Amino acid sequence: MSAIIEVTDLVKKYGDLEAVKGISFEVELGEIFGFLGPNGAGKTTTISILCTLLSPTHGTAKLDGWDVTAERDRVRESIGLVFQDPSLDERLTARENLEFHAYAYRVPREERDKRIQEVLGMVELLDRQEDRVETFSGGMKRRLEIARGLLHYPKVLFLDEPTIGLDPQTRNSIWEYIRELKEKHSITIFLTTHYMDEAENCDRIAIIDYGRIIALDTPEALKSQVGGDIIKISTANNEEAEQVLLKDFEVTMIQERDCLCFEVPDAANFIPSFIKAFPVAINSISMHRPTLDDVFLKLTGREIRDEEAGGIDKMRAFARAWRPTGRR
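In this text, all values refer to a predicted model and were calculated from it rather than measured experimentally.

**Student:** Help me get a handle on the sheet that holds strand 12 (residues 252-254), residues and values and all.
**Tutor:** What the four strands build is an open sheet, ordered 12-13-11-14; its pairing is antiparallel. Each of the sheet's edge strands pairs with one partner strand only, and the pair in question is strand 12 and strand 14 (282-288). Pairs of neighbouring strands in the sheet enclose a mean axial angle of 30 degrees, with direction left out of account. Bridging between strand 12 and strand 13 (residues 260-264) involves three bridges; their strand directions are antiparallel. Looking at the pairing, Ile 254 lines up with Cys 261 of strand 13. Sheet strands touched by helix 10 (residues 267-277): strand 11 (229-235), strand 13 and strand 14. Its angle to strand 14, the strand with the most contacts, is close to 170 degrees.

Next up, the structure:
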């Protein structure tokens, strides 16, 4: 399998601030690649460079063989963008929005109607295709925005929080279609999300923190880094309890708010004897297998938070203003 995105020693500085610190990674053709990071980690800056919104200070980035700085028009022709907020023309009908998009992205004329019907069916808007978007609810607009981003089968589809605000049934439907696109058309998906369960759909995930990639692997391999089972306890005195855990039980602590969190090889066998022997009163105790939330918490020392508005707003404005060159 060959790489469709190649990033080498990428650096981005804003004055004295180094937002991206020499990162390198590849995204393979046809994979679903997840990009996760807390506020200010460099995630939005990196994706902005890949989408040709920003130029790197140092290093290189190529998409489908095209340099994102020197060959921007070629890159723009190869990508699709789906962002959190709708950028639809609300005076047009749903179908008219998709027809304009199909024309702008040079979808072959003989395929346009088939694809429009296909994506409208996927987001359950076939019966509303002749209605103006201004009559749609927020959720319906979001579904149409996603349908529009999928319409032209881009080589790389960038999804920023692709299913935020959608109900579970619609989220599942969209992900089924995304996986179908990947299998049938080898579309590469570059995903950012704060839904850790959604990140489970990724073939590989890169976790970025303070401008550096600190982990990159499959979801299962990342979860295996956490170790065994995760136990969370709340006690009458968490400070005292933590000292006892470190000294007498020799567990690996994981930073967590409002409770103590640590990992053990086998929670089912550990918990009964632990409760009997632990000298501090336990108010509550729970256990679970490692999740991507645990991985993120262990690697970064904090929980994932909403992305800063500034970078996202720039990307949304870019998506609204930018059109691929050429017409058919």
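**Student:** Run through the state of the cysteines, naming residues and quoting values.
**Tutor:** Throughout the structure, instances matching the rule amount to zero disulfides. The structure places no disulfide on Cys 202, whose sulfur is separated from the nearest cysteine sulfur, that of Cys 51, by 16 Å.

**Student:** How would you explain the packing of helix 4 (residues 109-122) against helix 6 (residues 168-185) if you had to name every residue and give the values?
**Tutor:** At a closest axis distance of 10 Å, the pairing of helix 4 and helix 6 adopts a crossing angle of 145 degrees. Along its contact with helix 4, which presents Glu 118, Val 119 and Met 122, the element helix 6 presents Ser 173, Ile 174 and Tyr 177. By residue class, the composition of the contact of helix 4 with helix 6 is four nonpolar, one polar and one charged.

How each quantity is defined
Residues numbered from 1 in each chain as written. Predicted model: local features only at pLDDT ≥ 70, side-chain atom pairs only at ≥ 80, totals over all residues. Heavy atoms only, no water. Pairing = 2+ DSSP bridges. Helix = DSSP H or I, 4+ residues; strand = E, 2+ residues; numbered from the N terminus. Axes fitted to C-alpha atoms, helices over the stretch in contact; angles between N-to-C directions. Contact = heavy atoms within 4.5 Å. Disulfide = S-S within 2.5 Å. Nonpolar A, V, L, I, M, F, W, Y, C, P; charged D, E, K, R; others polar.

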